[in-house]
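Breakdown of the fold
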Amino acid sequence: MLKRLYKLLKPSNSNSPLIIQENEHNISERDISRSALRVVDQLRKNGFVAYLVGGCVRDLLLDGTPKDFDVATDATPEQVKSTFSRNARIIGRRFRIVHVRFGREIIEVTTFRGNPAEAKTKAKADHNQSEKGILLRDNVYGDIKSDALRRDFTVNALYYSPEDGTILDYAGGIEDLQKRQLRIIGDPNARYKEDPVRMLRAVRFASKLGFALTPESESPIYKHADYLADIPAARLFEEVLKLFISGSATAVLTKLREYGLLKFLFPGANNCLDSGIEYYEKLIFAMVSNTDRRLRSNKRVAPAFIYAAMLWPPLHAKIKELVEEQKLSHHDATQHASTGVISEQLSYTSIPKRFLITVREIWALQQKLSRREGKRALQTLEHPRFRAAYDFLLLREEAGEQLDGLGLWWTRFQDADEGERTDMIEKLPKSTKKRPRRRKSSAKPKSND
């Protein structure tokens, strides 16, 4: 892409897009989802304008493989749904979009966004902002140019037409791709204010693409990180997953700390990282590094594992405090600490119940992994969350926690046959702790009289 486009010039008319012909770029229909092409083709046959847009066009130009394919059209959500009937579903309130399903694949279809200031009175009712200027609802529709200028970054405002193979660029995205830079469209302060999540998207795209944020796009993030405090916890949960399952979680974490954004996502983890305690930093960075490696190997990454690791440092610190200062038993301290740490986290990012249960199970199994006597090891091995807990144990050891070779023991135990497992259990050091005696009931037996 860079070699073929370096001679292209911007059009003299600023209202016209830069048009890149089919023979001037590297995108081939062979690299495009059949379902996405089908959506564009069907919309066009029904008299609508439709293009592939956003990250898929950007990634194809960079010789990458898009994860998703999105379509932009002048058809309203209702018209899109009518076109694809049972395959389509309208979702969202802030931004109404349509999901068109083909088997397991979903093509996201958006209607061209318009400029609220230029909208008619009736249409303005579909645009609403909070007292702080945050977009609560933005369903004002327009044309392709207004849509391009309503998008977040220039490199995400590129439109590809499968019909003739041309690419339309209204915002200078091609030039920024050539310079490998990320630039927000419009006034950065205003754009971050109307949707603070754009700061997280800036971090994600810059990390994923290896692009540098332009100075004017970067500087407001340092000043306005606190805008994230006004974003609903449920939405931030989704953004956290996108950040840490982007394949560039190590770079993402580094940038989140640099810009002061992490404390609005994981306040406990941020405080532990700021404490200077090496173990906490090693554990969290070991987790993100491991996540990146798994994704590169096309392995699954569980959201619960990410949260278990990010919340482990504040949990660990709180348990230590309760044991040393309040003299609680380790068991009681763990119960109190886990409730407190999770409660604090939920006020920043929500965690669906199914993930929260798994987080607690991973933590609880850390104690069970050290209790291997008798039938305990076999019972722990059969637990549905054993593998996640075992991986977490290895993560703790990788971060430098001294666990007397516990990870290696469990590695060998999993591969051993029945006889070898029995032998490994019998060779364990005998516990010196005495079980507390049960108190005899002082109640007098009831009389039969």
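A brief structural summary. Fair warning: this is a prediction, and the values are worked out from it, not measured in the lab.

Cut-offs applied
Every residue gets a number counted from 1 within its own chain, in the order that chain's sequence is written. Local features in this predicted model are restricted to residues of pLDDT 70 or higher, and side-chain atom pairs are both shown and tallied only at a pLDDT of 80 or more, whereas totals for entire chains, interfaces and linings draw on every residue. Excluded from the side-chain calculations are hydrogens and water; all other atoms, namely the structure's heavy atoms, are used. The secondary structure listing takes helices from DSSP runs of H or I that are at least 4 residues long and strands from runs of E that are at least 2 residues long, numbered from the N terminus. Each polar contact in these results corresponds to two N or O atoms within 3.5 Å; when the atoms are within protein, one needs to be able to donate a hydrogen and the other to accept it, and residues that are neighboring in sequence are counted only if both atoms are side-chain atoms. When checking whether two residues touch, look at their non-hydrogen atoms; a contact exists if any pair is within 4.5 Å. Note on geometry: axes are lines fitted to C-alpha atoms, helical ones only across the stretch in contact, with angles between N-to-C directions running from 0 to 180 degrees. Convention used here: angles under 35 degrees read as roughly parallel, angles over 145 as roughly antiparallel, angles from 65 to 115 as roughly perpendicular, and any remaining angle as oblique. In this scheme Phe, Tyr and Trp rings, the latter by its six-membered ring, pair at centre separations within 6.5 Å, and the angle between planes marks the pair as stacked below 30 degrees, edge-to-face above 60, and tilted otherwise. In this scheme, a residue with accessible area under 20% of its type's maximum is buried, one over 50% is exposed, and one in between is partly exposed, where area comes from a 1.4 Å probe on protein chains only. Pairing between two strands is assigned when DSSP locates at least 2 bridges connecting them. Under the convention adopted here, Pro, Cys and the residues Ala, Val, Leu, Ile, Met, Phe, Trp and Tyr are nonpolar, Asp, Glu, Lys and Arg are charged, and Gly plus all remaining residues are polar.

In this section: the side chain of Thr 349. Structurally, Thr 349 is set in the loop between helix 16 (330–346) and helix 17 (353–368). Here the side chain of Thr 349 touches Tyr 307 through a polar contact of 3.1 Å, side chain to side chain. At 2.8 Å, the side chain of Thr 349 forms a polar contact with the side chain of Gln 345. Setting aside residues no more than four positions away along its own chain, Thr 349 makes contact with Ala 233, Leu 236, Phe 237, Val 240, Leu 265 and Tyr 307.

Helix 15 (residues 303–325) packs onto helix 14 (residues 278–296) with a crossing angle of 175 degrees between their chain directions and a minimal axis gap of 10 Å. With respect to helix 15, the axis of helix 14 lies roughly antiparallel. On helix 15, the residues touching Tyr 279, Tyr 280, Leu 283, Ile 284, Met 287, Asn 290 and Thr 291 of helix 14 are Phe 305, Ile 306, Ala 309, Met 310, Trp 312, Pro 313, His 316 and Ala 317.

Further remarks concern the packing of aromatic side chains. According to the stated counting rule, one finds 15 aromatic pairs in the structure shown. Their ring planes at 85 degrees and their centres at 6.0 Å tell us that Phe 153 and Phe 205 sit as a pair that is edge-to-face. Taken together, the residues Phe 153 in the loop between helix 6 (144–150) and strand 9 (158–160) and Phe 205 in helix 9 (residues 197–209) connect sequence positions 52 residues apart. A residue is classified by how much of its surface remains accessible, and Phe 153, at 0% relative accessible area, is buried. Taking the centre distance of 5.1 Å and the plane angle of 80 degrees together, the rings of Trp 409 and Trp 410 count as edge-to-face.

By way of backbone hydrogen bonds, the strands of a sheet pair with one another, either parallel or antiparallel. The eight strands are arranged 1-10-9-2-3-6-5-4 in an open sheet whose pairing can be described as mixed. Edge positions in the sheet fall to strand 1 (18–20) and strand 4 (88–91), since each has one partner strand and no second. For this sheet the average axis-to-axis angle between neighbouring strands, irrespective of direction, equals 30 degrees. Sheet topology places strand 2 (residues 50–53) next to strand 3 (residues 70–73); four bridges connect them, and they run antiparallel. Each bridged residue has a counterpart across the sheet, and for Tyr 51 the counterpart in strand 3 is Ala 72.

Strand 5 (residues 97–102) sits mainly inside the fold: five of its six residues count as buried. Pairing between strand 4 and strand 5: four bridges, direction antiparallel. Bridged to Ala 88 within strand 5 is Val 100. Turn length for the strand 4-strand 5 hairpin, with the two strands adjacent in sequence and antiparallel, is five residues, and the turn residue Gly 92 shows positive phi of about 85 degrees. Sheet topology places strand 5 next to strand 6 (residues 105–111); five bridges connect them, and they run antiparallel. Bridge pairing in strand 6 links Val 98 to Val 109.

Time to look at the environment of Arg 412. With respect to the helices and strands, the residue Arg 412 is situated in helix 20 (residues 406–415). C-alpha of Arg 412 to C-alpha of Met 424: the two residues are twelve residues apart in sequence and 9.2 Å apart in space.

This part is about the packing of helix 11 (residues 233–244) against helix 15. One can describe the packing of helix 11 onto helix 15 by two numbers: an axis separation of 11 Å at closest approach and a directional angle of 95 degrees. Comparing their axes, helix 15 and helix 11 come out roughly perpendicular. On helix 15, the residues that touch Phe 237, Val 240, Leu 241 and Phe 244 of helix 11 are Pro 303, Ile 306, Tyr 307 and Met 310. Here the contact of helix 11 with helix 15 is composed, by residue class, of eight nonpolar, no polar and no charged.

Just distances and angles here, no functional claims.
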